[in-house]
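# Structural overview for review
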Amino acid sequence: MATKDINTADSASDTRTIDEIVDVIATTAPEIRTGLPGRRVASEVQNPSGETQMAADVFADDLLCERIGALDGVGEYASEERPESIDVGTGSLSVAVDPLDGSSNLKPNNTMGTIFAVYDAPLPANGRDIVAAGYVLFGPVMTMIIARGGTVDEYVIYDDATYELIREDISVPDEGSVYGFGGRVPNWTEEFEAFAREIEQDASRKLRYGGSMIGDVNQILTYGGIFSYPALESAPEGKLRVQFEGYPIGYVLETAGGASSDGEKSLLDVDKPDLHARTPLHIGNTNLIAKLESALD
Ligand SMILES: O=P(O)(O)OC[C@H]1O[C@](O)(COP(=O)(O)O)[C@@H](O)[C@@H]1O
Ligand SMILES: [Mg+2]
Ligand SMILES: [Mg+2]
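Residues numbered from 1 in each chain as written. Chains lettered and ligands numbered in written order. Predicted model: local features only at pLDDT ≥ 70, side-chain atom pairs only at ≥ 80, totals over all residues. Heavy atoms only, no water.

Across its full length, the chain holds 6 helices and 17 strands. Computed over C-alpha atoms, the radius of gyration of the chain comes to 18 Å, within 12% of the 19 Å expected from 2.2 N^0.38 for 297 residues, which places it in the range of a compact globule. When the 297 residues of the chain are sorted by exposure, 55% land in the buried category. Restricting the contact set of the chain to residue pairs at least 6 apart, pairs at least 24 apart contribute 62%. Charge separation in the chain, taken as the distance between the mean sites of 22 positive and 50 negative side-chain charges, equals 6 Å. (Helix = DSSP H or I, 4+ residues; strand = E, 2+ residues; numbered from the N terminus. Rg over C-alpha atoms; globule rule 2.2 N^0.38 Å. Buried < 20%, exposed > 50% of the residue type's maximum accessible area, 1.4 Å probe, protein only. Contact = heavy atoms within 4.5 Å. Lys, Arg positive; Asp, Glu negative; His and termini not counted. Charge placed at Lys NZ, Arg CZ, Asp CG, Glu CD.)

The next subject is helix 6 (residues 286–296). Think of an α-helix as 3.6 residues a turn; residues three or four steps apart then line up on the same face. All of the buried residues along helix 6 are Leu288, Ile289, Leu292 and Glu293. Angular distribution of buried residues about the axis of helix 6 spans 140 degrees; they occupy a single face of the element. Those residues of helix 6 that are exposed and angled more than 90 degrees off the buried face are Asn287 and Ser294. In this structure, the buried residues of helix 6 make contact with helix 3 (190–201), strand 13 (225–229), strand 15 (259–261) and strand 17 (281–284). (Arc of directions from axis to C-beta.)

Quick look at the coordination of the magnesium ion (ligand 3) now. The protein atoms that coordinate the magnesium ion (ligand 3) are Glu80 (OE), Asp98 (OD) and Leu100 (O), at distances of 2.2 to 2.3 Å. Ordering the donors of the magnesium ion (ligand 3) by residue number gives the pattern E-x17-D-x1-L. The metal-metal distance between the magnesium ion (ligand 3) and the magnesium ion (ligand 2) is 3.7 Å, with aspartate 98 coordinating both. Of this pair, glutamate 80 sits in the loop between strand 3 (74–79) and strand 4 (86–87) while leucine 100 sits in strand 5 (residues 93–101); the two residues are 20 residues apart in sequence, bridging distant segments of the chain. For the pair shown, glutamate 80 and leucine 100 are each scored as buried. (Donors = N, O, S within 2.8 Å, 3.2 Å for Na, K, Ca; no water.)

Surrounding ligand 1, one finds 15 residues, the nearest of these being Glu80, Gly102, Met213, Tyr229 and Lys239. Here an oxygen atom of ligand 1 sits 2.7 Å away from a polar atom, N or O, in the main chain of glycine 102. Here ligand 1 loses 80% of its free accessible area of 480 Å² to cover by the protein chains. A majority-of-atoms criterion places ligand 1 in the largest pocket. (Near = heavy atom within 4 Å. Polar contact = N/O pair within 3.5 Å; in protein donor to acceptor, adjacent residues only side chain to side chain. Areas by Shrake-Rupley, 256 points an atom, 1.4 Å probe, with all protein chains shown as cover. 1 Å grid on protein atoms, 1.4 Å probe; cavity = no way out; pocket = protein on both sides within 12 Å on 5 of 7 lines; lining within 4 Å. Sits in = over half its atoms within 2 Å of the grid points.)

What follows concerns the sheet that holds strand 12 (residues 206–207). If you walk across this open sheet you meet the 5 strands as 12-11-13-17-15, and the pairing is mixed. Edge strands, defined here as strands with exactly one partner in the open sheet, are strand 12 and strand 15. (Pairing = 2+ DSSP bridges.)

It is worth spelling out the coordination of the magnesium ion (ligand 2) at this point. Donor atoms from the polypeptide that bind the magnesium ion (ligand 2) are Asp98 (OD), Asp101 (OD) and Glu245 (OE), placed at 1.8 to 2.0 Å. Along the chain, the residues donating to the magnesium ion (ligand 2) fall in the pattern D-x2-D-x143-E.

Within this numbering scheme, the UniProt entry marks Asp101, Gly102, Ser103, Ser104, Tyr209 and Lys239 as carrying the feature "binding site: substrate" (unreviewed entry). Set against the largest pocket, the annotated residues named above that line it are Asp101, Gly102, Ser103, Ser104, Tyr209 and Lys239. Mapping aspartate 101 onto the fold places it in strand 5. Turning to its location among the elements, tyrosine 209 is positioned in the loop between strand 12 and helix 4 (213–223). Classification of tyrosine 209 by relative accessible area gives partly exposed; the value is 38%. Among residues more than four places away in sequence, those in contact with tyrosine 209 are Gly180, Phe181, Gly182, Gly183, Asp216, Phe227 and Tyr229. (UniProt positions renumbered as here; feature names shortened; annotations may be inferred.)

Reported here for the largest pocket is a volume of approximately 420 Å³. Listed by contribution, the elements that provide at least two residues to the lining of the largest pocket are strand 2 (52–54), strand 5, helix 4, strand 13 and strand 14 (240–241). Residue classes in the lining of the largest pocket are distributed as 7 nonpolar, 8 polar and 10 charged. Structurally, the lining of the largest pocket is a two-domain feature, drawing no fewer than three residues from each of domain 1 (12–167) and domain 2 (178–296). In this model, the second largest pocket occupies a volume close to 340 Å³. If you go around the second largest pocket, you meet 19 residues; those closest to its centre are Thr111, Leu137, Gly215, Asn218 and Gln219. The biggest single contributor to the lining of the second largest pocket is helix 4, with 6 residues. Here the lining of the second largest pocket is built from residues that sort into 5 nonpolar, 11 polar and 3 charged. (Points joined across faces, edges and corners; volume = space filled by probe spheres on them. Nonpolar A, V, L, I, M, F, W, Y, C, P; charged D, E, K, R; others polar. Domains from an automatic or database assignment.)

The subject of this paragraph is the sheet that holds strand 5. Read from one edge to the other, the open sheet built from 8 strands follows the order 4-3-5-6-7-8-9-10, with strand pairing classed as mixed. Where the open sheet ends on each side, the last strands, each with one partner, are strand 4 and strand 10 (163–167). With 5 bridges connecting them, strand 3 and strand 5 associate as parallel partners. If you follow glutamate 76 over to strand 5, its bridge partner there is serine 94. Relative to strand 5, helix 2 (residues 55–69) is tilted by about 155 degrees, and along the sheet it contacts strand 3, strand 4, strand 5 and strand 6 (112–119). Those strands touched by helix 4 are strand 5, strand 6, strand 7 (130–138), strand 8 (142–148) and strand 9 (151–157), and its axis lies near 105 degrees from that of strand 7. (Axes fitted to C-alpha atoms, helices over the stretch in contact; angles between N-to-C directions.)

In structure tokens:
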């Protein structure tokens, strides 16, 4: 779990570019949301992870690629929906996006979101190269979480593409009260199942699981506790992707004073050279992640 200092932007021009990226993420969100009703259908195409893309995944990716790619300070753009990263200019920052996280929740009209990470290195980058990360949550209200400069803030995004800071310097509450674990239970490893059963026995916590990582993560940021998408017997690398999900969510949680892990170490220290590599993912209160790591040891 060993956490190190959180990396932050160190030049005025990078700071300005991060402002612009955040602005694109926020101002594009209402348009993505408005475009969803006609796009809750599967396309004919599989993404690089072998999952069938929804029309909405492609729509959101195209919008974000065009707008983030137009920023002077951005050099590379990559997303879960494209096989390779693309060169979009000469800027020094790279942006990796999960345009819609939890898009299988589109059909039943449940929570979903957009995740982004900004790296001051070429893609695929390392977790310690992140200089800002965050997400938009399409819930009953559109909210946006941004981790940068050592703090995590929350905004509300309005339909007219304006946004307002509502909570500053968020930290994961000490007394974690929720938990959620992904993957089919018969597919969990013996060690993870034993850990999950122990967590369930604690009367101070209740199950909250929505099937969209970003919604489940936001519950942890709000109430404290633990969320895992663990290694599975059939998928020892887990399901979630390092560059698009693991690093940004690890960065957000660690900036908020929580912890992240792949089962052994901080998500930010996962070292996998493939753009679409996967990782087991665990985030939450520091004491719970420490307990998890010793249970999986
Ligand atoms: O229903 P499953 O297969 O367990 O997967 C759920 C997980 O897969 C995801 O939907 C993967 O993300 P995408 O929707 O971006 O592919 C996570 O949000 C979620 O935690
Ligand atoms: Mg995702
Ligand atoms: Mg996605």
